Every structure is written in structure tokens, then in C-alpha cells.
Amino acid sequence: MSNLRLYPDLCKGVEGCGICLAVCRSRVFKPGLMLNQKGFHLPEIVKPESCTSCEDCMIFCPDLAIAVSNKFGKR
Amino acid sequence: MGNEACAEGALAAGCEFAAGYPITPATEIANRLAVRLPQMDGVFLQMEDEISAMAVIIGASWTGKKVMTVTSGPGISLMSENIGFAVGVETPCVIVNVQRGAPTTGMPTVGVQGDVVQAKHGSQGDYQIIALCPSSPQEMFDYTITAFNYAEKYRTPVFILTDAFVGHMREEVVIPEAEAIERVFRKIPAPRTDPCTIKGFLDEDIAPMPIFGRGFKAHVTSSCHDETGKRNLIDLSSLDKFVRKLSNKILKHKEEITLVKRNYEGAEVVLVSYGPVARAAEAGARLSREAGLPAGTLRLITIWPFPDHEVEKMAKIAKKVIVLENNLGQLYPYIKSAAAPFAEVSFFPPRLIGQIQDPENIVRMIQEVLR
Amino acid sequence: MSGITHPLHRFIRPSVSSTTNCPGCGNGIIAQSILRAVDQLGMDLEDFVFVSGIGCAAWIPSPFFNADVLHSLHGRPIAYALGIKMGLPEKKVMVVSGDGDLAAIGGNHLIHNARRNVEMIVICVNNRIYGMTGGQAGPTTPPGVMTTTTPYGSFENPFDISCLVISAGASFVARWTTVQARELTRSIIKAIQKKGFAFIEVFSQCPVQYGRKSGLNGSVQMMEDFRQRSIRVKKAAGLTEAELNNKIVVGELVDIEKPEMMEEIERMKAKARERAQ
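Residues numbered from 1 in each chain as written. Chains lettered and ligands numbered in written order. Predicted model: local features only at pLDDT ≥ 70, side-chain atom pairs only at ≥ 80, totals over all residues.

**Notes on the overall build of chain B**
When you go through chain B residue by residue, the secondary structure sums to 13 helices and 13 strands. Taken over the C-alpha trace, chain B has a radius of gyration of 21 Å; the compact-globule value for 371 residues is 21 Å, and the two agree within 12%. When the 371 residues of chain B are sorted by exposure, 58% land in the buried category. The long-range fraction of contacts in chain B, counting pairs at least 24 apart against all pairs at least 6 apart in sequence, stands at 77%. (Helix = DSSP H or I, 4+ residues; strand = E, 2+ residues; numbered from the N terminus. Rg over C-alpha atoms; globule rule 2.2 N^0.38 Å. Buried ≥ 20, exposed ≤ 12 C-beta atoms within 10 Å, placed from the backbone. Contact = placed C-beta atoms within 7 Å.)

Quick look at the structure:
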């Protein structure tokens, strides 16, 4: 059960962007093979269990395409 | 003084905020607004340049304030991009141009009618504007109020095109009681209207203005946009609508907007003029009639949108039309275009640009034309 | 997967599905930093009016933010913002625009309103280039960079915009890069609450224009470059100018109290009313 949610239609792809992959210290993501509607390659969540909810991927995604569920239950 | 009357007219109309930059011969309007506006809880701001003077009043207009800026020709040149912006996003505002000797720095203390076409075409693109030409300090008061009301009613910038003569002229001005003065305020959407349903732009019958701070979540953009304010940089149909709707908004109401003074019954020669030149034209026509010549006048108070219907109506009656302007002929081609199918049209400038035509010279011109 | 929603999506205009920014553009990180500040303050976008000029950064609030937004002419947003503040003094007026818009064509309005110390927030997204028009040199482009209008390399000295604004008299000035997104949010929160001209310069990556022209390969590399070159104010204080060469000094540079224009205007009006009696 992942605490991450990817919004595939907002993502602009791992080649042109790829910021989430770069900022994640737990290596949760890998470049994926799936394309979204616009033809961008989405990141793949390969190690959801390693996620520490640091929220870096959510904060640094320029397209607001990743959400992290708040470990302190704010939302 | 004419300039002072203009400032009082603005206050009587409900002006709450004005901005400007010092420039001869308009500075007296700014000075008076600087004294009087704060007494009525308003503000006059002297900005860092004319560009920001026009910009700041647009911003204030979008919060629901009635606004005005005052300048002369060089200032209008600087303001032109912003005037186009005000037209494009349908922002009520009044712009006073106290014209002076031009081009460029020219002669600041002399009145000329040199910025007439600039008022219509100063900014880029096809668009309409409203411009009023007062001829006296009383009219500086009265027509400034009219300008504010037009601006609010049609959601557009409105020019007061005056000059150093009328600006610095001293005559009696009667200021009516506040209750006797008609004040128009722009249509705005009803409170708590769902923002997603608001169509605040591009309505030929003037859309309600989704002013800021009321929860309307207005998206106001200088880019080509649709009725909701949403930007569209791709579809030609959107650009076509943008240009045509904005233009038709004024043209559709041209007859209501047009103000003229007709005094040409039974005339064979009609003098067409505006602003202070019209005073000379009136005097010239009167002297001519006293001498038995069939002369009359058509004074244009609104010169934009161009009242071609009034010129045509007059030309069908007259045989000869003489256009008098204090310039090299700026409104003349428009008047000629409307009148030439029906009458002979000629242009009579002053002996020296910057002077007003001498009424006795006008009589001589009428005699010559009738020969 | 159930029930996770992005906490800031509620601030996005319903008719807008995604941004028009290039992949990896720093604008989106800044947009989030702004919205996060609004969220953390418990404020609503109705408490704000946003103004932007022309350029990619100007598309941060327009049409993205579900608020009153004025997307205006090139260089002028600060002038409109002053007018809006005059009419709605209780609202927070925030200008979001780029380095070319605010410091080149808009330079005059920037310095004068900093001088006036009028209460508003100005976020200057500095990507060191004119991105939207295809990559021309701007007033912050470092010398030697080859752009479409400087094909032999830029030959002008660039501005330090924050220094310019400090000299002009702003009472709050901060500088960050997109790498310090959380710190940026904290500064934006302070700026929103500041009774004065609050200016925040944010270095932002433009991978498609500036990145390609300066030899940096992509968004991630540009952000890594920011991270390496960033140095905090306190640390920078102990260094020489030579040691600071090519560094980006980040942090809150100025936070002082001084007369603010809206307050001065109220005082002026009171004087006028008194004299009128």
C-alpha cells in the first residue's frame, strides 16, 4: 500500500524532467516504460516500502504530479 | 481656469484616484487633484513616469475605483501601450490630453490640435476609443463628467482632448449641486456569482466587470482571450472575435455616444470644427450671416467614434463644407470621406499652426468659397 | 491509493488542466512554494490579488492560480500592483514575474516602488535569460553566454537584482534558488506578513533556453549546480569577494522596519481633511 500517488496526466516525463528520481534519497523511483497521454515517460514507483514520506518528490515536482500522504495525518 | 474646472469635474463625477506626471500644460490639473482628492478620501499619485501613471490607474480601476490621468502629447505617446491594454481588457478610465505644440518636445505652452489621430490610433491594432473635445472651462467641467460616465457605461478609456488654450482659459464655471449630477457606475456581477460562470469580457452590450476583491476570481489578461478571460493564442476565430467584439461594443452605441452642436439650418456653407477652434468658427459664421452669407456650423464634441452619420446628414443639406482645425488636417480626411459624396469639402488651417483661425479671415474664406 | 490528494491542487483554477511550462522548468517548484505558503498561513487565495507581466514566470499565477489575476504588459506588473493596493489595501498584492520583465523593461517601477516601500510582495524568478522569446540575453545573463542576440557571447555586466532592490530601499529582501523550496516558502510567509516592499529573488532553472546555451545538461544538473553554488548569508559574510565569485548568496538579506507608503498616505489624507476644515 503506497503512500504515494502519481498524477500521470500532469507528469512531463523522466527524460526532460526526472527531478523526482534525482531528489529521492530512498530510490523509490526508476524511469518507467509507460507513456502518459502526452507521450511522456512516467516514473515508476519500484520501492514504495522505502519511502520515508520526506515529501521531497512532491515539493520539487514542477507539475504538482506527485502527492505524498502526510504521516502526521493532516489531510 | 479650464484645467481647474476639469479637475473639479472629475471630483464631481466621483473620481477617487488619479495619477500623473508633471507636464506642461497639464500640470495644473494634477496640482488641483493633489489638493482636492485627499480631502475627499481619494489620492493623487505622482508616478515615476507616464507609463506607470497609466498603469497604476488601470490597476485601481480593476478594484472598482473611478480613475483618471492627465498629461500632454509626449505623455500620451508613452502611455499608448497601456491605453491599448485598457481597451483590450475593458477598463473604465479617463485620460486628459492637454495638447501642446508638437511633434516631439515642441512648444509646451501653445495649444494645437495635433494629437487627434493619435487618440484613435496611438496604440497598436484595430480598436475604438471615445474622445470628447471641450471648448471652454465650463465644458471642461461638464464633459469630464460625461467622460467618466461614458467610461463606466462602455467599459473603455475615454479621452478628454483639450489644449493649452482651453486648459489655461479663465471663464465663469457654474458647478451644480451634487444631487443634480448624473453619475454612472459600471455593471458588476451579482455578489457570490459562481466564478466559473462569469463572462466578464467581449460583450457588445458591455459585460459586467468582474472587479478584484469580490471573489470573482477574475482572470484579466492582455493576451487574446474569450468571454471568460481565458487566454487563447491559437485559434484565429478567437482573435477575430476579440477584435470585432471590442470594436463593435463602441460602434454599436455610436449614436448614443455622439455629441454635436448643430447650427446649420438654411446654410449653404457649413464650418465643421471642434474644441476652441469651434468658438472662432461660431464667430465667423455669425459675422457671415450678419453680412448676408448663408453660413452655419457643425461642432463635433465627440470626435471618436467618428460621427460620420452627423457629417453625412449635414453634407446632404450644405453645398460647401469647410473644415477648420488647428493642425495640418487630422480629422479632415475623415470628414471629407463622409461629406464629399454630397458637398464640396475644403480645409482651412490657421495662418500659423498654434493660432486659432481669425473669425474675419473665416468670413473671407466663406466669401471666396461661395464665389 | 485511496484518498491521497495533492494538498495544493485545490488552489488551481478549475478550467486549467496542466501548466504550459517546459519539462523540468523551475516555475512549477516556485508555484508550489507560493501556494504552500498560502496553505501554511491558513489563508485563502481570495486574500490575494496576483499580478504578472510577460514571460514564462508570468504564467505562474496566470491562469494557474484560482484567484484574481492580472496578466498585464511587459515590465509593468509592479505599477498595476500599486494601483490595486490603493483600491484594495486589505488584500495581499503579489507580483510574480521574471528577471527581464522586472529588471530590464520594468526596472524603473521596481526601484521606485522599493523606494516607496509600498506594501506588496514581489517574487522575481531569475532564470538569467529571456526564455519565452527563444533565449536572448537579459540584464542578469552572465558575460560570455551565447544567446540568440549575443551570438559571440554576452558582453555586458549583469545586475545583482537583490542588491539593486536593497539599495532602492525595500524593507525585506531575500534570495533563494529552486533547490531551497522549503526555505523559499518560509521567506514567502514572512514577505506576506511584512508591512513593506517584500522582494524575493529566486534563481530558477530554464533547461531548454539557458541550460542549453550555458552548457548545463538538463533540469536536474541545473539544480545540482544551484545547490553547489549556493552559500548561506552568514557563511558568505566571512568570505572575500574573490571567494564569492560565481557563488549564489542565499537567505534573508534584509529585514528592516521603515515607513511604508500606504500608512504615509493615510497620514497625508488626515492632514488634508484637517486643513479642509
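**Some thoughts on helix H5 (residues 161-168) of chain C**
Residues and elements named next belong to chain C. Those residues of H5 not exposed but buried are Ile-161, Ser-162 and Val-165. In a view along the axis of H5, the buried residues occupy a sector of 100°, so they form one face of it. Close packing links the buried residues of H5 with helix H3 (99-105), helix H4 (107-116), strand S4 (120-126), strand S5 (172-177), strand S6 (197-203) and strand S8 (248-255). Once H5 ends, the next one or two residues include Gly-169, with phi positive near 120°. (Arc of directions from axis to C-beta.)

**Focus: the nonpolar core**
As a rule of thumb, nonpolar side chains are buried together in soluble globular proteins. Core analysis: the biggest nonpolar cluster contains 221 residues, and Ala10(B), Val56(B), Ile57(B), Val94(B), Ile123(C) and Phe199(C) have the highest contact counts within it. Viewed by domain, this core spans two of them, domain 1 (2-180) and domain 2 (259-370) of chain B, each represented by three or more residues. Setting aside anything within four residues of it in sequence, one finds Val94(B) in contact with Ala10(B), Met68(B), Thr144(B), Ala147(B), Phe148(B), Ala151(B), Val158(B) and Ile160(B). Formed by seven residues, the second largest nonpolar core is a distinct cluster that contains Cys22(C), Cys25(C), Ile129(C) and Tyr130(C). (Core = buried A, V, L, I, M, F, W, Y, C linked by C-beta atoms within 7 Å. Domains from an automatic or database assignment.)

**Quick notes on the arrangement of the chains**
Counting contacts across all two pairs of chains found in contact, the highest total belongs to chains B and C. Spatially, chain A is disjoint from chain B: no contact exists, and the shortest C-alpha separation is 18 Å.

**Focus: the domain arrangement of chain B**
When the parts come together, some accessible area is lost, and that loss is often what is quoted as the size of the interface. Residue and element names in this part refer to chain B. On domain assignment, one finds that chain B holds domain 1 (2-180) and domain 2 (259-370). In this structure, domain 1 and domain 2 have C-alpha centres spaced 26 Å apart. It is helix H5 (residues 116-121) that provides the largest number of residues to the side of domain 1 that touches domain 2, a total of four residues. Classifying every residue of the side of domain 1 that touches domain 2 gives 13 nonpolar, seven polar and two charged. (Nonpolar A, V, L, I, M, F, W, Y, C, P; charged D, E, K, R; others polar.)

**Description of the packing of helix H11 (residues 308-317) of chain B against helix H12 (residues 332-339) of chain B**
All names here are of chain B. Axis separation between H11 and H12 bottoms out at 8 Å; the angle between their running directions is 55°. Taken together, the axes of H11 and H12 are oblique relative to one another. Once H11 is placed against H12, the crossing between them reads as right-handed. Only Ile-335, Ala-338 and Ala-339 of H12 make contact with H11, whose side of the interface consists of Asp-308, Val-311, Glu-312 and Ala-315. (Axes fitted to C-alpha atoms, helices over the stretch in contact; angles between N-to-C directions. Parallel < 35°, antiparallel > 145°, perpendicular 65-115°, else oblique. Left-handed = near helix turned anticlockwise from the far one by under 90°.)

**Some details on the interface of chain A and chain C**
Taken together, the contacts link 18 residues of chain A with 22 residues of chain C. Within the residue set of the side of chain A that touches chain C, elements represented by two or more residues are helix H1 (19-23) and helix H2 (56-60) of chain A.

**Details of the pairing of strand S2 (residues 29-35) of chain A**
All names here are of chain A. Inspection of the sheet shows S2 paired to strand S3 (residues 41-45) by four bridges, in the antiparallel sense. The residue bridging Leu-35 from the neighbouring strand is His-41, located in S3. What sits between S2 and S3 in their antiparallel hairpin is a turn of five residues, with Gly-39 showing a positive phi close to 90°. (Pairing = 2+ DSSP bridges.)

**Considering the sheet that holds strand S8 (residues 260-263) of chain B**
Residue and element names in this part refer to chain B. Judged by pairing direction, the sheet is mixed, and its five strands sit side by side in the order S8-S10-S9-S12-S13 without closing on themselves. A single partner strand is all that each edge strand has here, and the edge strands are S8 and strand S13 (344-348). Taken pair by pair, the neighbouring strands of this sheet meet at an average axis angle of 20°, ignoring direction. Examined bridge by bridge, strand S9 (residues 269-273) and strand S10 (residues 295-300) share five bridges and lie parallel to one another. Paired with Val-269 across the bridge in S10 is Ala-295. With respect to the sheet, helix H10 (residues 277-290) is in contact with S9, S10 and strand S12 (320-324), its orientation differing from that of S10 by roughly 165°. Packing against the sheet, helix H13 (residues 359-370) makes contact with S9, S10, S12 and S13, and its axis sits at approximately 135° to S9.

**A closer look at the pairing of S5(C)**
Remark: a regular strand shows side chains that alternate across the two faces of the sheet. Residues and elements named next belong to chain C. Counting buried residues in S5 gives six out of six residues, a clear majority hidden from the surface. The two faces of S5 match: Phe-172, Ala-174 and Trp-176 on one face and Val-173, Arg-175 and Thr-177 on the other face are all buried. In the sheet, S5 pairs with S6 via six bridges, with the strands oriented parallel. Across the sheet, the residue bridging to Phe-172 is Ala-198, located in S6.

**A word on unusual backbone geometry**
Here the residue pair Ala102(B) and Pro103(B) is connected by a cis peptide bond, since its omega of 10° sits within 30 degrees of zero. Mapped onto the elements of the fold, Pro103(B) is located in the loop between strand S4 (93-99) and H5. Between Trp304(B) and the following residue, Pro305(B), the backbone shows a cis peptide bond with an omega angle of -5°. Mapped onto the elements, Pro305(B) comes out in the loop between strand S11 (302-304) and H11. In this model, Leu64(A) sits at a positive phi of 55°, which is unusual for a non-glycine residue. Position of Leu64(A) among the secondary structure elements: in the loop between H2 and strand S4 (66-68). Residue Leu64(A) is classed as buried on the basis of its 25 C-beta neighbours within 10 Å.

**Notes on the environment of Leu331(B)**
All names here are of chain B. Following the sequence through the fold, Leu-331 ends up in the loop between S12 and H12. Sequence separation between Leu-331 and Ile-175 is 156 residues; the distance between their C-alpha atoms is 32 Å. Non-local contacts of Leu-331, meaning those with residues more than four positions away in its chain, are made with Val-116, Ile-303 and Glu-325.

**Comments concerning the interface of chain B and chain C**
Contact with chain B, which involves 35 residues of that partner, is made by 34 residues of chain C. Every element with two or more residues in the side of chain B that touches chain C is listed here: helix H2 (27-39), helix H3 (50-61), helix H4 (73-88) and strand S7 (219-221) of chain B. A per-class count over the side of chain B that touches chain C returns 15 nonpolar, 12 polar and eight charged. By the bridge criterion, three bridges tie S7(B) to strand S2 (residues 68-71) of chain C in an arrangement that is parallel. Counterpart to His219(B) in the pairing with S2(C) is Val69(C).

**So, the confidence of the model for chain B**
When pLDDT is averaged across chain B, the result is 97; 100% of the residues are at 70 or more. Across the interface, the model reports ipTM at 0.95; the global pTM reads 0.95. (pLDDT = per-residue confidence, 0-100.)

**Observations concerning the sheet that holds S11(B)**
Residues and elements named next belong to chain B. Sheet architecture is open: seven strands sit in the order S2-S1-S3-S4-S6-S5-S11, paired in mixed fashion. Strands with a single pairing partner mark the edges of an open sheet, and in this sheet they are strand S2 (43-46) and S11. Going from strand to strand, the sheet's axes swing by 25° on average, the running direction of each strand aside. Taken together, the four bridges between strand S3 (residues 67-71) and S4 define a ladder with parallel strand orientation. Across the sheet, the residue bridging to Val-70 is Val-96, located in S4. Across the sheet, helix H1 (residues 2-13) touches strand S1 (17-20), S3, S4 and strand S6 (157-163), and the angle it forms with S4 is around 180°. Packing against the sheet, H3 makes contact with S1, S2, S3 and S4, and its axis sits at approximately 170° to S3.

**A short note on helix H2 (residues 77-87) of chain C**
In an α-helix there are 3.6 residues to a turn, and that puts residues three or four apart on one side. Judged by how many residues are buried, H2(C) sits mostly within the fold: 11 of 11 residues are covered. Every buried residue of H2(C) is accounted for by Pro77(C), Ile78(C), Ala79(C), Tyr80(C), Ala81(C), Leu82(C), Gly83(C), Ile84(C), Lys85(C), Met86(C) and Gly87(C).

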